[in-house]
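# Remarks on the overall topology
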Amino acid sequence: MSVTFPSVETHPVSDGIATSPASVNDLAIRVGTVNGSGSQSANLVLLRALYAMGIPCSGKNVFPSNIEGLPTWFHIRASAKGYVGHRLDTPILVCMNEMTAKDDVRLLNPGSICIYRDDFAEDLRTIRNDVQFFPVPFAKLVEQAYPPDKADKAYRDKLRKVINMVYVGVVAYVTGIEIEAVEAGIRREFPGRKAKAAEINISAARTGYEWSKDHLPDNLPFRVERLDSTGNQILIEGNKAAALGALFGGTSVMTWYPITPSSSLAEYAEDFLKKHRTGPDGKATFAVVQAEDELAAIGMAIGAGWAGARALTATSGPGIGLMTEFVGLAYFAEIPVVIIDVQRMGPSTGLPTRTSQGDVLKMHLLGHGDCRHVVLIPGSVGECYSLTIEALDLAQQFQTPIFVATDLDMGMNLWLTDPFPYPEKPMERGKVLSAEDLERYGQFERYKDVDGDGVCRRTVPGTEHPLAAYFTRGTGHNEKSGYSERPEDWKKNLDRLARKLETARGVLPKPVIEGQVAATVGLIAYGSSHPAVVEARDILKDQGIATEYCRIRALPTSDEVTHFIERHQRVYVVEQNRDAQITALLRASLPGSITDRLRALTHYNGTPLAAENIVRPILGWEKSPSGPGWPTGNVEVDNPDKPHDAPDISPE
């Protein structure tokens, strides 16, 4: 079933093309270029110009993991309604890469606009007759804006990059983006000593804009107008937000090994720590170590956590796999450490630049034997900041590895957010005994549950008291930290670790639940799926389907999630992985009478999730002529006729 996305204001499309409704302030732009061409700066200028006009917006870089000269795309979204998720029906396409131009054009809806280079070997207008095509003489215009300089040996390379600012000017005219906002965006992109480059790029944008005024229609259908909806909000990547969380959360040791898409998180964090944690004497009060591999990175972080530091490492799925044995050690030895997993599709070249939520089950169960870990799942860049801070506190409080699960879409793309609040509560140190504490208690048994919550007391190296020392045991041990293979000691320790996790479950971030409690249909989602779900709920409401929405923010899940499922006849779980991993976890913990209420919507082709991916299958089921009913198995939303079942991990 096709879905017409609502726009703020609609008009008939000009020139007799009447398939896609025109719109004001409901814009999506797709730019197809090549890696290494300098297009990133041009795309960010467009995004920041929209932001400067007060229009809620977001930008997504869809780039295959490849070398310079191969395809890359950038998606820009602007919406007066505040929608910032991915959009499938892009009404404006900019084709700067002949290699992908034909395929890009075939994806357009009728009535869309295509801006392309007029020097392509084949005229794109021969492909379709239901799209408005604007061939632009980019090569001539860029030389007009940036005349040849025989003395500059790098001129041709610079010209190759400056040409992108010409399409910025063309897009600005076509969409109504204010050229003054474009110029401000260029100056922000080329500050200080790059001022000369800024003027060259402004000239290129102006040239494209003026050419468009003279050669293109003035009644184009997809427009933006100035609003005042962004206020004091900021545009920031999730990785940078998490790096700020690492800074304000008190990280004193950070270890890492480069891996896409998490590398920029560590690089941002190192820059912040150098700026704000270097004393007047020039000495750093932190340590950042780029390790030789992920094994070394997690080993160093665990060692730092054992020594009393607030330790953190950032990685992605392949790194998580390599860290398995050390994470299991930290779990059984009960050592605090934070691991941020910026999830991607899988291993090897090509997959690192595709987004996914395929590691959530692995993070929760990582280790050997009976391991269950706390996983925090940010649903916004604001939560990338706040939940990183909270993870550092929880690691200390519960003396255990804490995972933060973001993904490429959240981590490497720009999102609009309110400014981050300064932390109000003091940093959590947990049950760390000082020499004075030891003197007062008169005894210390490292793995003894004194308080009944599963969390033991600990000391850190250097505590000057004869009772402070203990053996750190990842092997089987008793309460006194002595080596033991006695079955009763092993079982007692496992039961206490389970009790500790249950204690943690009571203080983890609660799910965010909103909507109509009495609605028949419930939606569950997590992480970067949130923006698409927000938009999808509005579309479903317009179609007469009321929903209540539960956004999970932590594993293990709280009782509120169970209660949410109990009060709805049908609950759709939106997941960006093939195997419906959270659905499987929920089924394992729910009473058998309500597990059949769950149905997963799985999206796993590596592209960001869009509202239509959620709306289309739900409308198909809820508005079926035979009445609401389930398909067999969980459904891949990219192909709703292809059902498959989630793995059953429930106990026999």
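As the structure is a prediction and not an experimental result, all values here were calculated from the model.

### Focus on the side chain of Arg128
- The topology assignment puts Arg128 in the loop between β6 (113-117) and β7 (132-136).
- A residue is classified by how much of its surface remains accessible, and Arg128, at 16% relative accessible area, is buried.
- In terms of polar contacts, Arg128 uses its side chain to reach the backbone carbonyl oxygen of Leu108, at 2.5 Å.
- Residue contacts for Arg128: discarding those within four places in its chain leaves Val105, Arg106, Leu107, Leu108, Asn109, Pro110 and Phe133.

### A closer look at the pairing of strand β21 (residues 570-575)
- By the criterion of burial, β21 is predominantly enclosed, with 6 of the 6 residues buried.
- A two-sided burial pattern is seen for β21, the buried positions comprising Arg570, Tyr572 and Val574 on one face and Val571, Val573 and Glu575 on the other.
- Here 4 bridges tie strand β18 (residues 521-526) to β21, and the two strands are oriented parallel to one another. By the bridge assignment for β21, Ile524 is matched with Val573.
- When β21 meets strand β22 (residues 598-602), the two strands line up parallel, connected through 5 bridges. Bridge pairing in β22 links Val574 to Leu601.
- Handedness of the β-α-β unit built from β21, helix α19 (residues 581-589) and β22 comes out right-handed.

### Structural notes on the domain arrangement of the chain
- Once the domains are mapped, the chain shows domain 1 (23-223), domain 2 (236-417), domain 3 (435-507) and domain 4 (512-638).
- The C-alpha-based centres of domain 1 and domain 2 are spaced at 35 Å.
- With 14 residues of domain 1 in contact, the opposing surface of domain 2 contributes 11 residues.
- Of the roughly 1100 Å² buried where domain 1 meets domain 2, counting both sides, 62% is carbon and sulfur surface.
- Along the contact surface separating domain 1 from domain 2 lie 1 salt bridge.
- With its nearest N and O atoms 2.8 Å apart, the salt bridge here joins Lys60 to Asp409.
- Where domain 1 meets domain 2, there are 3 residue pairs in polar contact (both at pLDDT 80 or more).

About the thresholds
- Residues numbered from 1 in each chain as written.
- Predicted model: local features only at pLDDT ≥ 70, side-chain atom pairs only at ≥ 80, totals over all residues.
- Heavy atoms only, no water.
- Helix = DSSP H or I, 4+ residues; strand = E, 2+ residues; numbered from the N terminus.
- Buried < 20%, exposed > 50% of the residue type's maximum accessible area, 1.4 Å probe, protein only.
- Polar contact = N/O pair within 3.5 Å; in protein donor to acceptor, adjacent residues only side chain to side chain.
- Contact = heavy atoms within 4.5 Å.
- Pairing = 2+ DSSP bridges.
- Right-handed = clockwise from strand over helix to strand, strands pointing away.
- Domains from an automatic or database assignment.
- Buried area = accessible area lost by both parts, 1.4 Å probe.
- Salt bridge = Lys/Arg side-chain N within 4 Å of Asp/Glu carboxyl O.

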